[in-house]
Structure formats: C-alpha cells, structure tokens
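Reading the structure
Chain residues, written in single-letter form:
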Amino acid sequence: MKLAAEARGGVRADRLRLDLRLLAAGGRAVEWRPYVGWKKDICREPERELPGKILFGLGFFKKF
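The present account deals with the structure reproduced in this document. Keep in mind that this is a model prediction, so the values were computed, not measured. (Residues numbered from 1 in each chain as written. Predicted model: local features only at pLDDT ≥ 70, side-chain atom pairs only at ≥ 80, totals over all residues. Heavy atoms only, no water.)

So, on to the overall build of the chain. On a plain count of helices and strands, the chain comes out with 0 helices and 4 strands. The helix and strand sequence of the chain, counted from the amino end, reads β-β-β-β. For a compact globule of 64 residues, the expected C-alpha radius of gyration is about 11 Å, and the chain comes in at 16 Å, more than 25% above that figure. With respect to the three principal axes, the spread of C-alpha positions in the chain is 50 × 20 × 15 Å. Counted over contacts in the chain with a minimum sequence separation of 6, partners at least 24 positions apart contribute 34%. Carbon and sulfur atoms form 62% of the exposed surface of the chain, whose accessible area is close to 5,400 Å². Taking the average location of the 15 positive side-chain charges in the chain and that of its 8 negative ones, the two points are 10 Å from each other. (Helix = DSSP H or I, 4+ residues; strand = E, 2+ residues; numbered from the N terminus. Rg over C-alpha atoms; globule rule 2.2 N^0.38 Å. Contact = heavy atoms within 4.5 Å. Areas by Shrake-Rupley, 256 points an atom, 1.4 Å probe, with all protein chains shown as cover. Lys, Arg positive; Asp, Glu negative; His and termini not counted. Charge placed at Lys NZ, Arg CZ, Asp CG, Glu CD.)

Here is the structure:
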C-alpha cells in the first residue's frame, strides 16, 4: 500500500482557496484509492466566510 499527501491552493482578489488530502493506494488489477481531506475558502471579509468542508471518498483505477 502506498500513502501520499496532496495540497492544492488558489488565490483570487477576494479569497484564498485551500484543499488538503491524505491518500492511500493499493490493489493489483484494479487499484483502489481512498482519501480524506479538508477544503476551505478564506475570504478577506470575515462575514462572507463559510466553514471548511471535510472530504472523503474512494476511487478505482485500472491500468491498460
């Protein structure tokens, strides 16, 4: 099993976007990839700011 971390970000004039994920990968013929993460948009104006989101999921990949 392989473990990895992924971080993405973006900047606009009025907000900063963050997306952090912890990933795992395993399997042979079909690889399965579960992940858990956190996503947040940070605004310059605190009254417009929304709470962060917890992410989780499972992907399946087959190599050809």
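More follows now that the structure is in view.
Our next topic: the side chain of Asp 19. Looking at where Asp 19 falls in the secondary structure, it is placed in strand S2 (residues 15-25). Given the relative accessible area of 8%, Asp 19 is considered buried. Here Asp 19 is in contact with Glu 6, Ala 7, Arg 8, Trp 38, Lys 39 and Leu 55, once residues within four sequence places are set aside. (Buried < 20%, exposed > 50% of the residue type's maximum accessible area, 1.4 Å probe, protein only.)

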